[in-house]
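The residues making up each chain are set out below.
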Amino acid sequence: MTTLLCLIPLSPQAAEIEADSSIDAVLISPDEATITRIGTASLPPGDHSLIIRGLPGRLDPNRLVLRLDDQSVRIGNLRLRREFQNEIVGEEQQRLEAEIEELRFARRQVTDGIASAQTQLQLLDSLASGSLGADEDLLSTDNLTGLLTTLVEAGNNARQSIREAEREVARLDIQIEQLQEQLAAFAARERSTQVATASLRVEAQTETGFSLSYPVQEASWSWQHEARLNSSESFLQLTRNAILGQTSGEDWDNVELTITTVQGSRNINAPDINTRLVSLRSERPRTVDQRAFTTARAADASAQEVVVTGSYLNSSVQSTSSDYQVSYRVPGRVSIASGAEQQIFPVDERGMDVDLALVAVPELATAAFLEARFTMEDEIPIQEGQMQFYLDNSFIGSSYVGALLPGEEVSLPFGEDERIRVERLAEEEDDSGGGFLSRAAENVRQRYVLTSFHDEPVDIEILGMLPVSQSDDVEVEIDRDATEADAENIDGKRGSLMWQRRLQPTGTVEIRHFYSIRYPEGEQLDYRYD
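Residues numbered from 1 in each chain as written. Predicted model: local features only at pLDDT ≥ 70, side-chain atom pairs only at ≥ 80, totals over all residues. Heavy atoms only, no water.

Engineer: So what exactly am I meant to see when it comes to the overall build of the chain here?
Structural biologist: Of the regular secondary structure elements, the chain holds three helices and 29 strands. Sequence-distant contacts in the chain: of pairs separated by 6 or more residues, those separated by 24 or more amount to 79%. Surface exposure of the chain reaches about 31,600 Å², of which carbon and sulfur atoms provide 47%. (Helix = DSSP H or I, 4+ residues; strand = E, 2+ residues; numbered from the N terminus. Contact = heavy atoms within 4.5 Å. Areas by Shrake-Rupley, 256 points an atom, 1.4 Å probe, with all protein chains shown as cover.)

The structure is reproduced here in structure tokens:
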């Protein structure tokens with residue numbers, strides 16, 4: 001296969017050979033798409049210019065790649081020039097505009113009918129109330145019954161006319177909106193196109209296939225994840241969909257579509273490190289090493305152990321992966337119009353047995369939360385993205401999730417457990433100072449009471465927070481009558497505590513979270529979160 005390798009000057013007798021091309025394949029990444037056009041060209045011997053028209057108006061010439069199947073043909077310089085369209089408004093666009101105007105005229109006629117019927121109703125109401133005045137003979141007993149019948153029938157007919165007209169207006173509005181969407185698609189198309197011209201040197205008559213590849217920025221895709229938990233069977237189903245959209249000005253008709261996780265970056269080099277200096281500043285508390293903290297909250301090693309007894313993976317696409325990227329080939333051929341609504345393509349679906357865990361943080365929320373925990377056993381990671389959560393077929397919410405990597409311990413949230421009652425009760429604080437001279441004390445005494453209304457025993461993790469002193473003059477102590485925690489510094493977060501309990505049906509557990517903070521008399525405590 002021949003590619004653009006050298007420069008060839010054109011001879012005065014060089015012929016311009018135009019070749020038709022069509023989009024055959026699209027490789028789409030999270031921030032752009034690479035389009036591949038294919039075609040066939042009949043080339044006589046000599047130096048010629050191969051002309052390919054109809055390219056998007058915004059192209060980077062440095063990333064334009066032309067390939068020829070006939071390797072004997074030499075490719076010289078490849079250049080682009082802009083070609084403006086003389087007739088922006090085509091026959092189809094004019095037809096749509098005419099149809100919209102006809103529908104708007106019909107809508108005005110219908111709304112005029114509604115106004116007339118409403119005026120008729122007002123006149124009937126005025127006549128019935130006598131505000132318009134009436135002949136006494138007309139209101140006599142003999143004529144009153146007929147008059148009332150006439151008023152009722154006329155009023156019903158007017159109201160029925162209004163209802164039918166309102167339905168007709170709604171129908172016309174839908175038709176107008178649909179035609180306006182089609183008209184907007186014309187507006188999204190390029191007002192100009194580009195023409196690619198390649199100089200060729202042909203030794204002998206040949207008919208060769210060619211491909212032209214170029215990137216477009218007006219295309220992207222993102223993940224849409226679904227997590228469906230069957231709580232009675234402790235079984236989790238994860239589904240991945242790719243949402244695609246493009247406004248490149250070109251319609252992708254019947255193309256081979258490949259989705260890749262590779263994302264372009266302005267900075268492809270690792271950052272340099274510089275010397276970091278540190279010094280003391282008076283009355284400044286010690287800083288905490290941010291690297292000691294992580295954004296994920298999980299239990300300790302013993303609580304993180306998960307046993308997976310069964311799983312499956314069904315893929316809707318053909319995937320290829322390396323240590324650095326994953327690509328997904330959508331089966332068959334697809335069409336995505338420029339400016340149209342986004343399309344969703346299913347990628348894969350996997351099921352697995354999970355461990356269900358209940359987590360409560362009474363200091364922050366008087367509720368227990370259900371989590372599904374499992375080990376990510378697949379070799380291909382699940383990339384970060386928005387995930388929709390379903391519990392026993394009921395949608396409970398959506399949340400952004402980070403990447404799920406092979407071998408990682410994963411916890412996915414599934415909302416509040418309505419069968420667990422969580423109470424936070426505060427006991428009276430003792431500010432006596434505990435007998436320490438020249439020392440003030442702040443005593444925190446909170447009781448967490450949890451009650452289960454499940455039919456079976458359930459395990460629950462109760463999390464609490466203990467302030468971490470940032471000064472030698474501030475001492476934090478857990479009281480002797482506090483409930484001893486089963487784990488501390490959960491996932492590297494200093495000051496975090498965890499109590500693990502099993503709740504029996506209608507059973508209750510109580511956690512005494514008691515601690516004291518002692519500091520110099522006359523000073524004040526300052527709290528902040530890292």
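Engineer: Would you mind going over the sheet that holds strand S5 (residues 46–55) with me for this structure?
Structural biologist: Ordered in space as S2-S5-S8-S7, the four strands form an open sheet in which the pairing is mixed. Looking at the sheet topology across the chains shown, the edges are occupied by strand S2 (15–18) and strand S7 (74–84). The mean angle between the axes of side-by-side strands here comes to 25°, regardless of whether they run parallel or antiparallel. Here S2 runs beside S5; their pairing, made up of four bridges, is parallel. Bridging across to S5, Glu18 finds its partner in Ile51. (Pairing = 2+ DSSP bridges. Axes fitted to C-alpha atoms, helices over the stretch in contact; angles between N-to-C directions.)

Engineer: Would you mind showing me how to read the sheet that holds strand S25 (residues 458–465) here?
Structural biologist: As summarised here, the arrangement of the six strands in space is S22-S19-S18-S25-S28-S27, forming an open sheet in which the pairing is mixed. The open sheet has two free edges, formed respectively by strand S22 (409–416) and strand S27 (487–488), since each of these has just one partner strand.

Engineer: Hey, could you run me through the side chain of Glu250 in this one?
Structural biologist: Within the secondary structure, Glu250 sits in the loop between strand S11 (235–246) and strand S12 (252–260). Engagement of the side chain of Glu250 in a polar contact is seen with the side chain of Arg37, the distance being 2.7 Å. At a separation of 3.0 Å, a polar atom in the side chain of Glu250 contacts the side chain of Tyr214. Sequence-distant contacts of Glu250, defined by excluding residues within four places in its chain, comprise Ile23, Ile35, Arg37, Gly54, Leu55, Pro56, Tyr214 and Ser338. (Polar contact = N/O pair within 3.5 Å; in protein donor to acceptor, adjacent residues only side chain to side chain.)

Engineer: Is there a simple way to explain the pattern of salt bridges in this structure?
Structural biologist: Any two side chains of opposite charge can pair, so long as their charged atoms come close to each other. One pass over the full model with this rule turns up 24 salt bridges. Here Glu250 and Arg37 are joined by a salt bridge, their closest N and O atoms 2.7 Å apart. Taken together, the positions of Glu250 in the loop between S11 and S12 and Arg37 in strand S4 (residues 33–43) put the pair 213 residues apart, joining distant regions of the chain. The partner of Asp481 in a salt bridge is Arg445, with the nearest N and O atoms 2.8 Å apart. A residue pair is termed long-range when its members are at least 10 positions apart, and Asp481 in the loop between strand S26 (475–478) and S27 and Arg445 in strand S24 (residues 439–452) qualify at 36 residues. (Salt bridge = Lys/Arg side-chain N within 4 Å of Asp/Glu carboxyl O.)

Engineer: What exactly am I supposed to notice about the packing of aromatic side chains here?
Structural biologist: Each aromatic ring pair is characterised by the separation of its centres together with the angle its planes make. Applying the stated criterion across every chain yields a total of four aromatic pairs. Between the aromatic rings of Trp221 and Trp223, the centroid separation amounts to 4.8 Å while the plane-to-plane angle is 80°, which identifies the pairing as edge-to-face. When sorted by exposure, Trp221 lands in the same class as Trp223, which is buried. Connected via pairs of aromatic rings, a cluster forms that spans Trp221, Trp223 and Tyr328. A cation sits over an aromatic face here: Arg228 above Tyr390, 3.8 Å from the ring centre. (Phe/Tyr/Trp six-rings, centres within 6.5 Å; stacked < 30°, edge-to-face > 60°. Buried < 20%, exposed > 50% of the residue type's maximum accessible area, 1.4 Å probe, protein only. Lys NZ or Arg CZ within 6 Å of the ring centre and 35° of its normal.)

Engineer: Looking at this model, I keep getting lost on the confidence of the model for the chain. Mind explaining?
Structural biologist: Should pLDDT be low for a region, the predicted coordinates there are not to be read in detail. Averaged over every residue, the pLDDT of the chain is 80; residues scoring 70 or more account for 76%. Here residues 279–310 is modelled with pLDDT under 50, and outside its nearest four sequence neighbours on either side it reaches 58 contacts, counting other chains as well. The low-confidence segment residues 432–437, where pLDDT is below 50, has five contacts with residues more than four positions distant or belonging to other chains. (pLDDT = per-residue confidence, 0-100.)

Engineer: Mind showing me how you'd approach the nonpolar core here?
Structural biologist: For soluble globular proteins, the rule of thumb is that nonpolar side chains tend to be buried together. Judged by nonpolar contacts, the single largest core of 44 residues is most densely connected at Val26, Ile28, Leu200, Leu244, Trp252 and Leu257. When residues no more than four places from it in sequence are discounted, the contact partners of Leu200 are Leu43, Gly46, Asp47, His48, Leu50, Leu68, Val73, Arg74 and Ile75. Membership of the second largest hydrophobic core comes to 40 residues, among which are Leu229, Leu236, Leu358 and Ile382. (Core = buried A, V, L, I, M, F, W, Y, C linked by side-chain atoms within 4.5 Å.)

Engineer: Before we go on, may I ask you to explain the environment of Met387 in this structure?
Structural biologist: You can see Met387 is positioned in strand S20 (residues 385–391). On the accessibility criterion, Met387 (2% relative accessible area) is buried. With 164 residues separating them along the chain, Met387 and Trp223 place their C-alpha atoms 8.4 Å apart. For Met387, the contacting residues outside a window of four places in its chain are His225, Glu226, Ala227, Leu238, Gly397, Ser398, Ser399, Val401 and Leu412.

Engineer: Help me out: how do you make sense of the environment of Gln342 in this one?
Structural biologist: Among the structural elements, Gln342 can be located in the loop between strand S16 (334–336) and strand S17 (343–353). With a relative accessible area of 57%, Gln342 lands in the exposed category. Distance in space between the C-alpha atoms of Gln342 and Gly245 is 4.5 Å, their sequence separation being 97 residues. Setting aside chain neighbours within four positions, we find Gln342 in contact with Ile243, Leu244 and Gly245.

Engineer: Can you help me understand the pairing of S4 in this one?
Structural biologist: Look at any regular strand and the pattern is simple: side chains alternate between the two faces of the sheet. Of the two faces of S4, only one is covered, namely that formed by Ala33, Ile35, Arg37, Gly39, Ala41 and Leu43; the face formed by Thr34, Thr36, Ile38, Thr40 and Ser42 stays uncovered. Relative to S4, strand S3 (residues 21–28) runs antiparallel, the two being bridged by seven bridges. Bridging across to S4, Ile28 finds its partner in Ala33. The hairpin turn running from S3 into S4, its antiparallel successor, is four residues long. The sheet contact formed by S4 and strand S9 (residues 206–216) spans 11 bridges and is antiparallel. Note that in S9 the partner of Thr36 across the bridge is Ser213.

Engineer: Where do I start with the side chain of Glu461 in this structure?
Structural biologist: For Glu461, the location among the structural elements is in strand S25. Overall, the relative accessible area of 7% leaves Glu461 in the buried class. Here Arg373 takes part through its side chain, which lies 2.9 Å from a polar atom of the side chain of Glu461.

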